[in-house]
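What the coordinates show
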Amino acid sequence: MGMKNLITSQLEVTGIPLLRKGKVRDVYDLGDKLLIVSTDRLSAFDWVLETPIPDKGKILTEASLLWFDLTKTIIPNHLITADLGEIKKRLPSGVQASWKDLEGRTMLVKKAKRVDAECIARGYLAGSGFKEYKKSRSVCGEPLPEGLLEASPLPHPLFTPSTKADEGHDQNISFEELKSFVGVETALKLKGATLKLYEFASDYSRSHGLILADTKFEFGFVGSELYLIDEMLTPDSSRFWDAQLYRTGSSPASFDKQFVRDYLEQTGWDKNSAPPVLPQEIIEQTRIRYLQFLKMLKN
Ligand SMILES: Nc1ncnc2c1ncn2[C@@H]1O[C@H](COP(=O)(O)OP(=O)(O)O)[C@@H](O)[C@H]1O
Ligand SMILES: [Mg+2]
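Residues numbered from 1 in each chain as written. Chains lettered and ligands numbered in written order. Predicted model: local features only at pLDDT ≥ 70, side-chain atom pairs only at ≥ 80, totals over all residues. Heavy atoms only, no water.

Here we look at the environment of P145
The test is simple: In DSSP terms, a helix is any run of H or I states spanning at least four residues, a strand is any run of E spanning at least two, and both are numbered starting from the N terminus. Note on definitions: a residue-residue contact is assigned when non-hydrogen atoms from the two residues lie within 4.5 Å.
Considering the arrangement of structural elements, one finds P145 in the loop between β11 (142–143) and β12 (153–159). The spacing of P145 and Y133 is 12 residues in sequence and 9.8 Å in space, taken between C-alpha atoms. Apart from the residues lying within four places of it in its own chain, the contact partners of P145 are Y133, R137 and P155.

Structure below.
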């Protein structure tokens, strides 16, 4: 997804080239490695909000690290280390930063040749999938049985890739289109890894009181091997529901930024001008949701 504004953060690292300031993360280039700093920025409707959510970057980093460890036998991932002492040792001299602010939100990773596709797995009917189902009884072109409700489990998890656009909106693509973009062999690997990861994460989540409705993975090549990159299975990249509050026929409370989106929607904001500042109460409630998610995952 593209981005219409950028806010600066106190987390800047100097002395190494900034490769990319993403909506949420700052990525520095170290040649064959990347330094990824997860900020507290929150994006909604393609805007980065003025008001950060305190500790969000740390909470999401901790979740990703947990998942990287749990899934490393399914597929290798890009993580080298998230230990700041270890990271500092590996950085060229002359690099400067406010190190204590980077603690817990910084990863040193292998730089991959990114596959420009978002690899999405969906196990439940939600969001844009539900909208499409109501219109055409399908999700991303895949026909589904009649009578499913919002939040119903799908007969089996679906792999629904989309393009990964640096600017503008991502677009759903068919498996055939994916094959023509990345080649048959890679497409099959992406699908296999995505569904395996989803199945594992879905079971793990369920035993921690969470339902993983859908999620997005990114992959890349390190040499000739396919690696999992980016963040994984965080509320920014996934739709998690509280299993205790889950029911079909309505949209279950999620741990992602739906709460912020709902707030923004009801302010009457036109989404074309700078977004409204979030009230303290909304910031705090959002932070509590992120924390609650991590607590459940670790329990
Ligand atoms: N190991 C890696 N190698 C190459 N690119 C990566 C790697 N891990 C993450 N990335 C890229 O770094 C960026 C992370 O920043 P993010 O804030 O998520 O940006 P975006 O606005 O694209 O979502 C993404 O573009 C992601 O694809
Ligand atoms: Mg991203």
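After that view, the rundown keeps rolling.
Some thoughts on the pairing of strand β3 (residues 33–38)
To be explicit about the condition: Between buried and exposed lies partly exposed: a residue is buried under 20% and exposed over 50% of the maximum accessible area for its type, with that area taken using a 1.4 Å probe on protein chains only. A strand pair is defined by DSSP finding two or more bridges across the two strands.
With five of six residues buried, β3 is to be regarded as a mostly interior element. Bridge count for strand β2 (residues 25–29) against β3 is five bridges, and the pairing is antiparallel. By the bridge assignment, R25 is partnered in β3 with S38. In this structure, the hairpin formed by β2 and β3 is closed by a connection of three residues, where G31 is found at a positive phi of approximately 85°. For β3 and strand β7 (residues 106–110), the ladder comprises five bridges, and the chain directions are antiparallel. Bridge pairing links V37 to T106 in β7.

Regarding the site of ligand 1
Definition in use: Here a residue is near a molecule or strand as soon as one of its heavy atoms is found within 4 Å of it. For this analysis, a polar contact is any N or O atom pair within 3.5 Å, provided that within protein one partner can donate a hydrogen and the other can accept it, and provided that sequence-adjacent residues contribute only side-chain to side-chain pairs. Note on areas: Shrake-Rupley, 1.4 Å probe, and residue coverage restricted to the protein chains presented here. Polar here means any residue outside two lists: the nonpolar Ala, Val, Leu, Ile, Met, Phe, Trp, Tyr, Cys and Pro, and the charged Asp, Glu, Lys and Arg; Gly therefore counts as polar.
Around ligand 1 sit 18 residues, and of these R20, R25, H78, R114 and E218 come closest. R20 has a polar side-chain atom sitting 2.6 Å from an oxygen atom of ligand 1. Between ligand 1 and R114, the relevant distance is 2.8 Å, taken from an oxygen atom to a side-chain nitrogen or oxygen of the residue. For ligand 1, whose free accessible area comes to 550 Å², the fraction covered by protein is 92%. Taken together, the elements giving at least two residues each to the shell around ligand 1 come down to β2, β3 and β7. Residues that form the shell around ligand 1 fall into these classes: seven nonpolar, two polar and nine charged.

A short note on the domain arrangement of the protein chain
The line we're drawing: Where each domain starts and ends comes from a domain assignment, either automatic or drawn from a database. Two parts placed together each lose some accessible area under a 1.4 Å probe, and the buried area is that loss summed for both. The rule for a salt bridge is simple: a side-chain nitrogen of Lys or Arg has to be within 4 Å of a carboxyl oxygen of Asp or Glu.
In terms of domain boundaries, the protein chain breaks down into domain 1 (18–112 + 257–298) and domain 2 (113–242). Relative to domain 2, the C-alpha centre of domain 1 lies at a distance of 21 Å. For the domain 1 and domain 2 pair, buried surface summed over both sides reaches about 2700 Å², with 67% attributable to carbon and sulfur atoms. Broken down residue by residue, the surface that domain 1 buries against domain 2 is led by W67, A112 and M296, which jointly contribute 24%. Put simply, domain 1 and domain 2 have three salt bridges between them.

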